[in-house]
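Structure assessment
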Amino acid sequence: MEAPNPGSFLSDKSAKIFVAGHRGLVGSAIVRKLQSLGFTNLLLRSHSELDLTVQSTVDAFFAAEKPLFVILAAAKVGGIHANNTYPADFISINLHIQTNVINSSYTHRVQKLLFFGSSCIYPKFAPQPIPESALLTGPLEPTNEWYAIAKIAGI
């Protein structure tokens, strides 16, 4: 890895960084990487400590903790069966999570927000490798359509 740009969040190892979804696959890998790079002020909250679907709770957290950077890796995820069985949960919960975190990041003047999408936001038959220009050019994979729609709304 190159030396960090002085304006980059990588230049301040004590900056407050909120990693939403730090227990998931992506979030936990990000936390491990940040810790290995020497970051000392990671804000990590489990779902039981901070319900990201409740705007007032998210806003209170941002007001109290004042994160400088936010990494949004939190999401309700599941397999094909869960996606097919609970489509309303996948779109609703994910829209709430990302809208609340994005809104509080804006309201509390977070310097940088990193939001993770997913390859499922691209059409089922997108060319491989998938170019960014393929977004919204065809139907989504039906087995994760509602999760994908929420992710598209977030980006």
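Everything that follows concerns the structure shown earlier in this document.
Description of the structure in this document. Here the residue index of a chain counts from 1 through its sequence in written order. With the structure being a predicted model, the display of local features is reserved for residues of pLDDT at least 70 and the display and counting of side-chain atom pairs for 80 or more, all residues being used for whole-chain, interface and lining totals. Note that water and hydrogens are dropped before the side-chain values are worked out from all heavy atoms of the structure.

All buried positions along helix α2 (residues 55–65) are accounted for by V58, F61 and F62. The buried residues of α2 occupy one face: seen down the axis, they fall within an arc of 95 degrees. Turned more than 90 degrees off the buried face of α2, the exposed positions are S56 and A64. Buried residues along α2 sit in contact with β1 (17–20), β2 (42–43), β3 (69–72) and α4 (87–107). Under the scheme applied here, a residue whose accessible area is under 20% of the maximum for its type counts as buried, over 50% as exposed, and between as partly exposed, the area being computed with a 1.4 Å probe on protein chains only. Each helix is a run of H or I in the DSSP string that is no shorter than four residues. Each strand is a run of E no shorter than two, and both are numbered from the N terminus. By arc we mean the arc of the directions from the helix axis to the C-beta atoms, nothing more. Note on contacts: a residue pair qualifies if any of its non-hydrogen atoms lie within 4.5 Å across the two residues.

Moving on, we get to the layout of surface pockets. The distinction between a cavity and a pocket rests on a 1 Å grid over the protein atoms alone: a 1.4 Å probe fits inside a cavity but cannot get out, while a pocket stays open yet meets protein on both sides within 12 Å along at least five of seven lines, and a residue with an atom within 4 Å of a point counts as lining. Grid points are joined across faces, edges and corners, and a volume is the space filled by probe spheres set on the points. Here the largest pocket defines a volume of roughly 590 Å³. What lines the largest pocket is a set of 27 residues, and nearest its centre among them are G21, G24, A73, A74 and A75. Where the lining of the largest pocket is concerned, the elements lending two or more residues are β1, α1 (25–36), α4 and α5 (145–154). Ranked by residue count, the leading element in the lining of the largest pocket is α1, at 3 residues. Think of it as three bins: nonpolar holds Ala, Val, Leu, Ile, Met, Phe, Trp, Tyr, Cys and Pro, charged holds Asp, Glu, Lys and Arg, and polar takes everything else, Gly as well. For the lining of the largest pocket, the per-class residue count stands at 14 nonpolar, 9 polar and 4 charged.

So, about the packing of α4 against α5. For the pair α4 and α5, interaxial distance at closest approach is 8 Å and the crossing angle is 20 degrees. The pairing of α4 with α5 is recorded here as roughly parallel in orientation. Note that α4 runs across α5; the crossing there is right-handed. Listed contacts from α5 to P87, F90, I91, N94, L95, Q98 and I102 of α4 are W146, Y147, I149, A150, K151, A153 and G154. As a rule, the C-alpha atoms of each element are fitted with a line to give its axis, helices using only the stretch in contact, and angles between N-to-C directions run from 0 to 180 degrees. What sets the label is the angle itself: under 35 degrees gives roughly parallel, over 145 gives roughly antiparallel, 65 to 115 gives roughly perpendicular, and the rest give oblique. By definition, turning the near helix anticlockwise from the far helix through less than a right angle yields a left-handed crossing, and turning it clockwise yields a right-handed one.

If charged atoms from side chains of opposite charge come close, those side chains can pair. When a carboxyl oxygen of Asp or Glu is within 4 Å of a side-chain nitrogen of Lys or Arg, the pair counts as a salt bridge. Under the counting rule described, the total for this entry stands at 3 salt bridges. With its nearest N and O atoms 3.6 Å apart, the salt bridge here joins K16 to E65. With K16 in the segment before β1 and E65 in helix α2, this residue pair connects regions lying 49 residues apart in the sequence. Close ionic contact of E65 with R45 constitutes a salt bridge, the shortest N to O distance being 3.0 Å. One end of the pair, E65, is in helix α2; the other, R45, is in the loop between β2 and α2, with 20 residues separating them in the sequence. With a relative accessible area of 25%, R45 lands in the partly exposed category. Put simply, K16, R45 and E65 are held in one network by salt bridges that share partners.

What follows concerns the nonpolar core. In this structure, F18, L52, F62, L72 and V101 are the most contacted members of the largest nonpolar core, which totals 15 residues. Listed by contribution, the elements that provide at least two residues to this core are β1, α2, β3 and α4. It is α2 that contributes the most residues to this core, 3 residues altogether. Nonpolar cores are built from buried Ala, Val, Leu, Ile, Met, Phe, Trp, Tyr and Cys residues. Side-chain atoms within 4.5 Å join them into one set. By size, the runner-up hydrophobic cluster in this structure holds 11 residues, among which are A15, V19, I30 and F69.

This paragraph deals with the packing of aromatic side chains. Working definition: a ring pair exists when centres of Phe, Tyr or Trp rings (six-membered ring for Trp) sit within 6.5 Å. Plane angles under 30 degrees give stacked, over 60 give edge-to-face, the rest tilted. One pass over the full model with this rule turns up 3 aromatic pairs. Ring centres of F18 and F62 lie 5.9 Å apart, and the angle between their planes is 90 degrees; this geometry places the pair in the edge-to-face category. Of the two residues, F18 sits in strand β1 while F62 sits in helix α2, which places them 44 residues apart along the sequence. Judged by its relative accessible area of 1%, F18 is buried. Measuring from ring centre to ring centre gives 5.8 Å for F61 and F62, while their planes differ by 85 degrees; the resulting arrangement is edge-to-face.

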